[in-house]
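Structural overview for review
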Amino acid sequence: MSATDPLARGATPMSSPALDELYHCNSKHTAARLAFVGARQRRRRERTIAALYDAAKNRFKSYASAPQIALPRTRVTLATTLDAALDRRRSRRDLGTPAPSADELGTLLARAYGTCGERAGVLARPVPSGGGLYPLEIYVLQFPEGGLDEGVYHYHPGDHALERLRSSCDRARAADASMYPEIVARASLVLVVVADMPRTRVKYGERAYRLALLEAGHVSQNLYLVCAALGLGIVALDGFYDDRIHAVLDLDGVNEIALVVFAVGRA
Ligand SMILES: Cc1cc2nc3c(=O)[nH]c(=O)nc-3n(C[C@H](O)[C@H](O)[C@H](O)COP(=O)(O)O)c2cc1C
């Protein structure tokens, strides 16, 4: 650095905007942007959106060739008040045994992101979703000696069933995909919330990413509250190596992206 170098004289280097700033600005709704859309274009867009919604409702991602394991239809009654569950909710890293039973896991998945009755012919869900498109998927990594047979599973909310993608689930590989191997070592199972981005991007464009993250937040809070009510321990883990998790789940990591990981065990 020479004496004439502006940095040597204490000038602040010109930094480019952070990616999150660029993203946030590029994905803003603005009245000016809408003003450029003509009435005819807007009507066409509304028709497309209605058709998309029609095509998406009551449809669920399915691994057609994977064996399907039905989860118990009878849910464990959450005999706690919302007040108590909110008070009791904590991130638990000291996870213990016994592992969640199939009944408990079924209840957890159903109440977090399953279906809950029907409204006007559309299966209702326990979380709100931008445009009702429900772009999230939940995967379960069930380690040996759990409430289910060991394996890697995909949750099918419509059938309330797990699709068994692999019959083994290597704990060492899952731990290696986490920045918290000591937490994964004690977990009975791991949940991964994944977003299928094209499903929501087709309507929301750049803004879709915001909506997917918000929806993952809704699911996350449901998971925490239901765990609190069931006496299960859970911790959200943002500390995961994205592409290692994508490899475990055999996802491309571009269209289908892991948003958040949870370690679950007995509280
Ligand atoms: C999106 C999200 C990501 C998180 N990631 C981690 C993580 O990687 N490691 C961890 O130990 N805790 C993680 N947590 C848990 C927070 O540390 C915890 O919620 C916070 O300390 C408050 O504690 P409480 O949940 O017990 O009230 C995460 C929480 C959220 C909501």
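Counting restarts for each chain, with residues numbered from 1 along the sequence as it is written. Reporting of local features is limited, given that this is a predicted model, to residues whose pLDDT is at least 70; pairs of side-chain atoms are given and counted only at 80 or more, and all residues count toward the totals for whole chains, interfaces and linings. Excluding hydrogens and water, the side-chain figures rest on all heavy atoms present in the structure.

Another point: the overall build of the chain. Secondary structure follows DSSP: runs of H or I at least 4 residues long count as helices, runs of E at least 2 residues long count as strands, and numbering of each begins at the N terminus. If you tally the helices and strands in the chain, you get 10 helices and 9 strands. Contacts spanning at least 24 positions in sequence make up 75% of the contacts within the chain whose residues lie at least 6 apart. Here the Shrake-Rupley method, with its probe set to 1.4 Å, supplies the accessible areas, and only the displayed protein chains count as covering residues. In the structure as shown, the chain presents an accessible area of about 14400 Å², 52% of it carried by carbon and sulfur atoms. Only four residue types enter the tally: Lys and Arg on the positive side, Asp and Glu on the negative side, with His and both chain ends excluded. Charge coordinates come from a single atom per side chain, which is NZ of Lys, CZ of Arg, CG of Asp or CD of Glu. Distance between charge centres in the chain, computed from 34 positive and 29 negative side chains, equals 8 Å. A contact between two residues is defined here by any heavy atoms of the two lying within 4.5 Å.

Here we take up the pattern of salt bridges. What makes a salt bridge here is a side-chain nitrogen of Lys or Arg within 4 Å of a carboxyl oxygen of Asp or Glu, nothing more. All told, the structure shown has 7 salt bridges when counted by the stated rule. The salt bridge partner of R266 is E104, with a shortest N-O separation of 2.8 Å. Highlighted residues: R266 in strand β9 (residues 256–266) and E104 in helix α5 (residues 102–113), separated in sequence by 162 residues. The residues R266 and E104 share a single accessibility class, namely buried. Look at the salt bridges and you will find they share partners, linking E137, D196 and R199 into a network. Burial status follows relative accessibility: with a 1.4 Å probe on protein chains alone, a residue under 20% of its type maximum counts as buried, one over 50% as exposed, and anything between as partly exposed.

Below, the discussion takes up the sheet that holds β9. Strand order in this open sheet of 7 strands is β1-β6-β5-β4-β7-β9-β8, and the pairing throughout is antiparallel. Edge positions in the sheet fall to β1 (68–70) and β8 (232–237), since each of these pairs with one other strand and no more. Adjacent strand axes in the sheet meet at a mean angle of 30° when their direction is disregarded. Judged from the 6 bridges that link them, β8 and β9 form a sheet pairing that is antiparallel. Residue G233 lies in a different strand from β9, and its bridge partner there is G265. In the packing of helix α8 (residues 197–204) onto the sheet, the strands contacted are β4 (136–142), β7 (189–196) and β9, and the crossing angle to β7 comes to about 30°. The pairing criterion is simple: DSSP has to find at least two bridges between the two strands. The axes used here are C-alpha line fits, helices contributing only the stretch in contact, and every angle between their N-to-C directions lies in the interval 0 to 180 degrees.

Throughout, near means a residue has at least one heavy atom within 4 Å of the molecule or strand. By nearness alone, every residue bordering the ligand is listed as R89, R90, S91, R93, Y180, V235, A236, L237, D238 and G239. Any pair of N or O atoms that falls within 3.5 Å is considered a polar contact. Within protein, one atom must be able to donate a hydrogen and the other to accept it, and sequence-neighbouring residues count only if both atoms are side-chain atoms. Contacts to the ligand include S91, whose side-chain N or O atom sits 2.6 Å from an oxygen atom. Taking D238, its main chain carries an N or O atom lying 2.9 Å from a nitrogen atom of the ligand. Throughout, the ten residues Ala, Val, Leu, Ile, Met, Phe, Trp, Tyr, Cys and Pro are labelled nonpolar, Asp, Glu, Lys and Arg are labelled charged, and all others, Gly among them, are labelled polar. Of the residues contributing to the shell around the ligand, the split by class is 4 nonpolar, 2 polar and 4 charged.

Once that is clear, we can look at unusual backbone geometry. Trans peptide bonds make up the majority, and among non-glycine residues the majority have a negative phi. Each neighbour pair has its own omega, and for T97 with P98 the value is 0°, a cis peptide bond. Secondary-structure assignment places P98 in the loop between α4 (82–88) and α5. Located in the positive-phi region is E145, a residue other than glycine, with phi close to 60°. Summarising the element assignment, E145 is placed in the loop between β4 and β5 (151–156). At D250, a residue that is not glycine, the phi angle is positive and equals roughly 60°. Among the residues examined, D250 registers a relative accessible area of 67% and is labelled exposed.

Under the 1.5 Å per step criterion, the end-to-end length of helix α9 (residues 208–230) is 33 Å for 23 residues, consistent within 8% with the ideal 33 Å. A positive backbone phi angle near 75° is found at G231, which sits one or two residues after α9. Residue count minus one, scaled by 1.5 Å, sets the expected span of a helix.

So, about the packing of aromatic side chains. For Phe, Tyr and Trp, where Trp contributes only its six-membered ring, two rings pair if their centres lie within 6.5 Å, and the inter-plane angle classes them as stacked under 30 degrees, edge-to-face over 60, or tilted in between. Throughout the structure, instances matching the rule amount to 3 aromatic pairs. Measuring from centroid to centroid gives 5.9 Å for Y23 and Y209, while their planes differ by 85°, and the two rings are edge-to-face. A residue pair is termed long-range when its members are at least 10 positions apart, and Y23 in helix α1 (residues 19–26) and Y209 in helix α9 qualify at 186 residues. The exposure class assigned to Y23 is partly exposed, which follows from its relative accessible area of 24%. Residue Y209 is classed as partly exposed on the basis of its relative accessible area, which comes to 36%. Aromatic pair Y63 and Y139: ring centres 6.4 Å apart, planes at 80°, arrangement edge-to-face. Remark: Y139 occurs in strand β4 and Y63 occurs in the loop between α3 (39–56) and β1; sequence separation between them is 76 residues. According to the relative accessible area criterion, Y63 is partly exposed, its value standing at 22%. Residue Y139 is classed as buried on the basis of its relative accessible area of 0%. Counted as over-ring charges are cases with an Arg CZ or a Lys NZ within 6 Å of the ring centre that also lie within 35 degrees of the ring normal. Against the face of Y134 rests R125, its NZ or CZ located 4.6 Å from the ring centre.

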